[in-house]
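Each chain is listed here by its residues.
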Amino acid sequence: MNQSSTNAKSQSNIRTTIVTASSHNELSPIESAIMDCCNTLHEAQDRQDNITIREMHDQLNALLEQYDQTDGENHPNPAWARANQRALALSAMGKIDQAIRLELTALKYADTPRRLEISYGNLADRCLRVGEADRAVEYFLDAINANPESVPVLITGAHSLYESGYIEQADTIFKTFLDNPSLMTPSSELGAYLDCDIRTRNLCEHLPSLAMLFLRWSEISEQGKQQSNGGQS
Amino acid sequence: MKTQDYDQFWALYERKARQPIESACLHTSRTKSDSTMDIADMVAWIDSRVWTMLEKSAWPTFHDDPTPEQAIERIVKYASTLARWAYLGLCRSHFRRLENRTNYMGGMSRAQRLSMASSVDTKIEQREELDSALSSLRKSLSANDKQKLAASWIEKEDRSRVALVLGATRREDDRLITQINGDAIAENTVQQMRSRARKRAQEVLNAARKLPLVLMGGVLLVGIGLTSTNAHAGEQTGGRRGMTSNTQSVSQVLIIHTSEVLPGEQSGGRKP
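Keep in mind that this is a model prediction, so the values were computed, not measured.

Chemist: Explain the overall build of chain A here, please?
Modeler: Helix and strand counts for chain A stand at 13 helices and one strand. Counting helices and strands in the order they occur from the N terminus, chain A gives α-β-α-α-α-α-α-α-α-α-α-α-α-α. Scored against the burial criterion, the 233 residues of chain A give a buried share of 52%. Taking the contacts inside chain A whose residues are at least 6 apart along the sequence as the reference set, 57% of them involve residues at least 24 apart.

Chemist: Explain the packing of helix 1 (residues 6-33) of chain B against helix 3 (residues 68-77) of chain B here, please?
Modeler: Each pair of packed helices can be described by the angle between their axes along with the distance between the axes. All names here are of chain B. Relative orientation of the contacting elements helix 1 and helix 3 amounts to 20 degrees, with a least axis distance of 10 Å. With respect to helix 3, the axis of helix 1 lies roughly parallel. The way helix 1 lies across helix 3 gives a crossing that is right-handed. On helix 3, the residues that touch Gln8, Phe9, Leu12, Tyr13, Lys16, Ala17 and Pro20 of helix 1 are Pro68, Glu69, Ala71, Ile72, Ile75 and Val76. Its residues placed into classes, the contact of helix 1 with helix 3 shows ten nonpolar, one polar and two charged.

Chemist: For this particular structure, what's the right way to read the nonpolar core?
Modeler: Counting 74 residues, the largest nonpolar core has Cys38, Ala124 and Phe140 of chain A as the members making the most contacts within it. For this core, the leading source of residues is helix 8 (residues 133-146) of chain A, giving nine residues. For cysteine 38 of chain A, the contacting residues outside a window of four places in its chain are Val19, Leu88, Ala89 and Ala92 of chain A. Formed by 19 residues, the second largest nonpolar core is a distinct cluster that contains Phe9, Ala17, Ile21 and Cys25 of chain B.

Chemist: In this structure, what is going on with the confidence of the model for chain A? I would like to understand it.
Modeler: Any segment with low pLDDT has predicted coordinates that should not be analysed in fine detail. Residues and elements named next belong to chain A. Scored by pLDDT, chain A comes out at a mean of 87, with 90% of its residues at no less than 70. For chain A, helix 1 (residues 2-11) is the element with the lowest average pLDDT, namely 42, and helix 5 (residues 78-92) is the one with the highest, namely 96. Residue range residues 1-10 is modelled with pLDDT below 50. Its contacts to residues more than four positions away, or to other chains, number ten contacts.

Chemist: Is there a simple way to explain the interface of chain B and chain A in this structure?
Modeler: With 50 residues of chain B at the contact, the number on the chain A side is 76 residues. Of all the secondary structure elements, the ones that give two or more residues to the side of chain B that touches chain A are helix 4 (79-106), helix 5 (110-116), helix 6 (128-151), helix 11 (250-258) and strand 1 (265-266) of chain B. Pairing analysis gives two bridges linking strand 1 (residues 19-20) of chain A to strand 1 of chain B, with the strands arranged parallel. What sits directly across from threonine 20 of chain A, in strand 1 of chain B, is glutamine 266 of chain B.

Chemist: Explain unusual backbone geometry here, please?
Modeler: Trans is the common state for peptide bonds, and a negative phi is the common state for residues other than glycine. In this structure, proline 60 of chain B follows tryptophan 59 of chain B across a cis peptide bond, with omega equal to 10 degrees. Of note, the phi angle at glutamine 48 of chain A is positive, near 55 degrees, even though the residue is not glycine. A residue is classified by how many C-beta atoms lie within 10 Å of it, and glutamine 48 of chain A, with 8 of them, is exposed. Not every positive phi belongs to a glycine, and glutamate 73 of chain A is a case in point at roughly 50 degrees. Structurally, glutamate 73 of chain A is set in helix 4 (residues 71-74). Here glutamate 73 of chain A falls in the partly exposed class, since 18 other C-beta atoms lie within 10 Å of it.

What counts and what doesn't
Residues numbered from 1 in each chain as written. Chains lettered and ligands numbered in written order. Predicted model: local features only at pLDDT ≥ 70, side-chain atom pairs only at ≥ 80, totals over all residues. Helix = DSSP H or I, 4+ residues; strand = E, 2+ residues; numbered from the N terminus. Buried ≥ 20, exposed ≤ 12 C-beta atoms within 10 Å, placed from the backbone. Contact = placed C-beta atoms within 7 Å. Axes fitted to C-alpha atoms, helices over the stretch in contact; angles between N-to-C directions. Parallel < 35°, antiparallel > 145°, perpendicular 65-115°, else oblique. Left-handed = near helix turned anticlockwise from the far one by under 90°. Nonpolar A, V, L, I, M, F, W, Y, C, P; charged D, E, K, R; others polar. Core = buried A, V, L, I, M, F, W, Y, C linked by C-beta atoms within 7 Å. pLDDT = per-residue confidence, 0-100. Pairing = 2+ DSSP bridges.

Laid out in C-alpha cells, this is it:
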C-alpha cells in the first residue's frame, strides 16, 4: 500500500489520457473529429501548449454544437451518444468532474453491452484521474463485466487496481497480455497504449509483467523497422 | 462435376467447409504472420480459388468429376493446404502493406497514431488467472462493502450487531468498527463511507430486480437483513434527523467526492 500511495503522488500530476475507438469505421465524421481533437488537446495539455489548447477548445465547442444540432449525426441512440461525446470533450478540457457527471447521465441511456462498457470504462478512467481509485475499480469491474475482451478497459483496470493497492491483480492483467502476442500488432489498441499513454509507461517501473510487455513491444517495433529497412535496400 | 450440381456444391461448401477453412486460416495466420494477416482476406482468397478450380474442373479437387459431397470432403480434408496457399498468395502484398504502415506510423503525431488504433479481432486466451483474480477481487470488494456498511452504521451501538447480521466478521471488520467508534476516523469520511456503502447496496438490490424470481428471493432475504433497523437506501431517506448525507443524490455525492482531487477513454460509435 505504501508503494501504491507513493505512486499515487507521482501519477497525480498526470491528468490527461488517450481516447481510442475499437474501429474507426464505427465513428461518424464528427465523432472522428471530436476524438482527434480530444487526443490533440490531451497532448497539448501534457506539453502545456496554450495556443493549441485554446484552438482545440474552440474547435471542440463548434463540433459539439454541430453534433447536437444533428442529434448525434443520426446516431441510433442519440441520448447516449450526445452525452458521451460531450463528456469526452469536457474530460479533454480538464473538466473531469463535469465529464463524470455527464457520463453518468449517458450511462442511464446505455442500452447495449458495448455502450455500457464504454461508459463504465470512461468513468473508471476519469475517477482514476481525480484520485478516486476505489470508485474506479468498481466501474472497471462493471465495464469488464459488460465486455471481458476489452483491452482499453483492462488497461484502465490495471491502473485502478494498482492505485487501490491490488498490485498482484494489476500485474496479472499485463501478464495475460504477454500470453497473447496476437494483441500486439502495430495498429492494435494495446500497441497504441504502449506507444502513447504516459501513465502506462510510468507504471512499468512497478509492475514486472508490464516491464516485460514493454520489452517485447520494443522488440516487435524494432523487428518491424528492420524489416522495412531491409525492404527498402 | 455437372453444372446443375453447382448450387448444391456451394450450399454444402457454406455449410460444411466454411468452418474448417476459417479454422485453418486462423491457425496459418497465427503461425506464419503473427496473426497480422486478416482471416477474412484468406477465406475470400480460398473461395475464389475453389471457384476457379470448379470452373476449370481442376486438380486436386474437381479433376475426376466428383459428386458435390466428395468434393466437399476433399476440401475439408485439405483445408490446411488451402490456407497455406492463401497465405502464400497474399503474403507479398500483406507484408508490403505492413511495412508501409510501419513507415507511415513512425512519422505520425499522437492523435494520428491513435486514430489508426483499432481492436484486434481475436479473443484473449489463457485468461484463467486473470478471471480468477477478478473474481476474487469481486468477492473481496463485496466483503468490503459489507464492512463499510456495518462500520458506518448511524447508531454506534448497532454497528457490531449489523456486522454480525451481514457476516462482516473478519478481523479487519472489527478493527474498522473499533476505529470509527473511537472517533479515530473523521466524521466526514464516515459519512461518505455510509453514503457509498448504501448506494452500493441499492445497486445490488436494483440489479436483483432483473434476476429470476428464485434468485430474487435470496437477494431479498439479504436485503431484509440489511434493512432490519433503518432504511438503508440513501436516496430515499430525505428529511430524517441526522441523516443528511443519506439524502444526497448520487450526483451530489459525486460532486463532493470529485472535489477532493488528486488509462484511457473510448469514443462510442455507430455499432450497438
